[in-house]
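An overview of the molecular structure
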Amino acid sequence: MKILFVNFAVGGFAGDAVQMSLIVRGLMDLGHKVVVAVPDGDGYFFDKSKSKKYEPIRKKILEANGKIIEIEGVSILPIHCISEKLGYYCPDAAKIGRKILKDFDIVYCLNWYYHLAMTFSNIAHESKVPFVIAAMAAFENKAHDLKNTRKRILDYIYTKKLFKTASGFHSVGDIETETYRKLGASKEKIFRVDHGVILEKFEDVKNTGILEKFKIVPEKNPYLYNVGRIDPKKGLEILLHAFSKIIVKYPKLLLVITGTGTDEYVAKIKSLSKELHIEKSVIFTGFISEEEKIELFKSAKIHVVTSHSDVHTTTAIESMACGTPVVITKTSDFPEIDEYQAGITVDTDPNSVFNAVDELLQDGKKLKKCAENSKKLIQDKFLLKNKIKEYEKMFEEIIKDYKIKS
């Protein structure tokens, strides 16, 4: 197959963005030709730390001058962008789409609400090329609430049409499947393929110095871990309020938060930790490397996810690959954690989070069993090598069905 991936940026630093690179390389290993089309703008303009880390990649993209280049073994097609703040607006997107899309068997779009995706979806329909949307929770309520007015306008112009013309919808969880259905996608067009991990990557822990850097000694001061964007939808207020209760009972416990966000919102979260008088027990690491993240996962007691809106969050999968149990909100859509007793799913309120963390910290045997079950869950359901084959099957089925109906 010849597959065109579409995204707002190349690769990334965590979560869905990293998944894209893994899936692309996996499909290439199976013999498929894959190209990734992205705007040449700053994919992380909204986050100063990530923007700076993205500079070397963007430099290569800009120097390519619209020609396909290779970055970390992946073929990248840059599309010129003149405004990141206006949905990474690419004035030549329609012209380029009409020229290239007909050369591909299928177009697969990650995320939504950026100009290149919305334009290519229309061109694919015109060119009779099957188009698949992988929203990655973009349509969930809390995510949709961000810049709500602008998104409602785009929904009227583009998204409603998408649900009539798309050849397929890639879901990574039950909640997302239901959202697709509510928005008008027919059941037979929705394909469930979860995220996956390369387990070996999480088995050997390197001493990166991250614990020493922040003076963390797990034997003396065990810690809860949270990793992801510092963003309103991630529910960090819930986490901090829960931790203010937890620390009363477990005064030696620390809370380590990894991630970046807008200066304004990061300042707001740090200010809340001071208001709650827990700032001496809360460590904000900022941006860290993948190796440092794995070391922090491995040494943590529990990974706590308090998101208002996520779908099978990748960080929970990574945590369990390290054998670290997860306490996670039900709105993050991870029922397998309860099914495998790999942690506890909770409501989006501080008391629910407190009770779950307290339950695990009080019962060492249960915590150890959750750690064992975490690895079993990953082994059974989230190995990347199996997911690549599921992606291949999804694309093949969508192409076959499209040809029959055309």
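Relevant structure appears above.
Owing to the predicted nature of the structure, the values given are computational and were not obtained by experimental measurement. All residue numbers refer to position in the chain's written sequence, counted from 1. For this predicted model, a pLDDT threshold of at least 70 governs which residues receive local features, and a threshold of 80 or more governs which side-chain atom pairs are given and counted, while totals over whole chains, interfaces and linings are taken from all residues. Hydrogens and waters are ignored; side-chain quantities use all the structure's heavy atoms.

1. Some points on a nonpolar patch on the surface
- Taken together, the side chains of Ile-82, Leu-86 and Tyr-89 make up a nonpolar region of the molecular surface, amounting to roughly 310 Å² of accessible area.
- The secondary structure listing takes helices from DSSP runs of H or I that are at least 4 residues long and strands from runs of E that are at least 2 residues long, numbered from the N terminus. Topologically, Leu-86 is positioned in the loop between strand 4 (74-79) and helix 3 (93-100). A patch consists of residues whose relative accessible area exceeds 30% and which take part in no salt bridge; residues with like charges are grouped when within 9 Å of each other, and nonpolar side chains (Val, Leu, Ile, Met, Phe, Trp, Tyr) when within 5 Å. Only the protein chains shown count as covering a residue, and every accessible area follows the Shrake-Rupley method with a 1.4 Å probe. Put simply, a salt bridge is a Lys or Arg side-chain nitrogen that is within 4 Å of an Asp or Glu carboxyl oxygen.

2. Some remarks on unusual backbone geometry
- Within the chain, Glu-72 stands out as a residue other than glycine whose phi angle is a positive 50°.
- Following the sequence through the fold, Glu-72 ends up in the loop between strand 3 (69-71) and strand 4.
- Here Glu-72 falls in the exposed class, since its relative accessible area comes to 64%.
- With a phi close to 55°, Lys-215 is a non-glycine residue in the positive phi region.
- Inspection of the secondary structure puts Lys-215 in the loop between helix 8 (210-213) and strand 9 (223-227). Exposure categories follow from relative accessible area, calculated using a 1.4 Å probe and restricted to protein chains: below 20% of the type maximum is buried, above 50% is exposed, and the middle band is partly exposed.

3. A closer look at the pattern of salt bridges
- Scanning the model with the defined rule gives 21 salt bridges in all.
- In this structure, Lys-201 and Glu-290 form a salt bridge, with 3.0 Å as the shortest nitrogen-oxygen distance. Note that Lys-201 is positioned in the loop between strand 8 (190-192) and helix 8 and Glu-290 in helix 11 (residues 290-299), a separation of 89 residues in sequence.
- You can call Glu-290 partly exposed: its relative accessible area is 22%.
- Between Lys-376 and Asp-380 there is a salt bridge whose closest N-O contact spans 3.1 Å. Remark: Asp-380 and Lys-376 occur in helix 15 (residues 364-381); sequence separation between them is four residues, near one turn of the helix.
- Residue class for Asp-380 comes out partly exposed when judged on its relative accessible area of 38%.
- Counted as one network, the salt bridges with shared partners bring together Asp-174, Arg-192, Asp-194 and Glu-336.

4. Considering the sheet that holds strand 13 (residues 326-329)
- For two strands to be treated as a pair, DSSP must find at least two bridges joining them. The sheet built from six strands is open, its strands ordered 11-10-9-12-13-14 with parallel pairing. Looking at strand neighbours, the two that pair on one side only are strand 11 (282-286) and strand 14 (343-346), the edges of this open sheet. Direction aside, neighbouring strands of the sheet carry axes that sit 20° apart on average.
- With four bridges joining them, strand 13 and strand 14 adopt parallel strand pairing. Lines fitted to C-alpha atoms define the axes, with helix axes restricted to the stretch in contact, and inter-axis angles between N-to-C directions lie between 0 and 180 degrees.

5. Some thoughts on the packing of aromatic side chains
- Ring pairs are drawn from Phe, Tyr and Trp, using the six-membered ring of Trp, whenever the two centres fall within 6.5 Å, and their geometry is named by plane angle: stacked under 30 degrees, edge-to-face over 60, tilted for the rest. One pass over the full model with this rule turns up 20 aromatic pairs.
- Arranged with centres 5.3 Å apart and planes meeting at 70°, the rings of Tyr-44 and Tyr-54 form a pair that is edge-to-face. Linking Tyr-44 in the loop between strand 2 (33-39) and helix 2 (48-64) with Tyr-54 in helix 2, this pair joins segments that are ten residues apart in sequence. Comparing Tyr-44 with Tyr-54, the two get one shared label, buried.
- Each ring, one from Phe-163 and one from Tyr-180, has its centre 6.4 Å from the other, and the planes form 55°; the classification is tilted. Here Phe-163 is found in helix 6 (residues 148-165), whereas its partner Tyr-180 is found in helix 7 (residues 174-182), with 17 residues between them in sequence. The same class applies to Phe-163 as to Tyr-180, namely buried.

6. Some thoughts on the packing of helix 11 against helix 12 (residues 314-321)
- Following both chains from N to C, one finds helix 11 and helix 12 inclined at 65°, their axes separated by 9 Å at the closest point. Where helix 11 crosses over helix 12, the two elements pack in a sense that is right-handed. Across from Glu-290, Lys-293 and Phe-297 in helix 11, the residues of helix 12 making contact are Thr-315, Glu-318 and Ser-319.
- Of the residues belonging to the contact of helix 11 with helix 12, the class tally is one nonpolar, two polar and three charged. For any helix crossing, the convention is left-handed if the near helix is rotated counterclockwise from the far helix by under a right angle, and right-handed if that rotation is clockwise. Any two residues whose heavy atoms approach within 4.5 Å at even a single point are treated as in contact. Charged means Asp, Glu, Lys or Arg here, nonpolar means Ala, Val, Leu, Ile, Met, Phe, Trp, Tyr, Cys or Pro, and polar covers whatever is left, Gly included.

7. Considerations on the side chain of Glu-318
- Mapped onto the elements of the fold, Glu-318 is located in helix 12.
- Glu-318 sits in the buried class, given a relative accessible area of 5%.
- Engagement of the side chain of Glu-318 in a polar contact is seen with the side chain of Lys-293, the distance being 2.9 Å.
- Beyond its immediate sequence surroundings of up to four residues, Glu-318 is in contact with Val-197, Phe-202, Glu-290, Lys-293 and Phe-297. Polar contacts, as counted here, are pairs of nitrogen or oxygen atoms within 3.5 Å of one another; within protein the pair requires one atom able to donate a hydrogen and one able to accept it, and residues that are adjacent in sequence qualify only if both atoms are side-chain atoms.

8. Things to note about the sheet that holds strand 2
- Read from one edge to the other, the open sheet built from eight strands follows the order 3-4-2-1-5-6-7-8, with strand pairing classed as mixed. Looking at the sheet topology across the chains shown, the edges are occupied by strand 3 and strand 8. Averaged over all pairs of adjacent strands, the angle between their axes in this sheet comes to 30°, without regard to strand direction.
- In terms of strand pairing, strand 1 (residues 2-6) meets strand 2 through five bridges, oriented parallel. The residue of strand 2 that forms the bridge with Ile-3 is Val-34.
- Where helix 7 meets the sheet, it contacts strand 6 (131-134), strand 7 (168-171) and strand 8, and its direction lies at approximately 150° from that of strand 7.
- Strands in contact with helix 16 (residues 384-405) are strand 1, strand 5 (106-110), strand 6, strand 7 and strand 8; relative to strand 5, the strand with the most contacts, it is inclined by about 125°.

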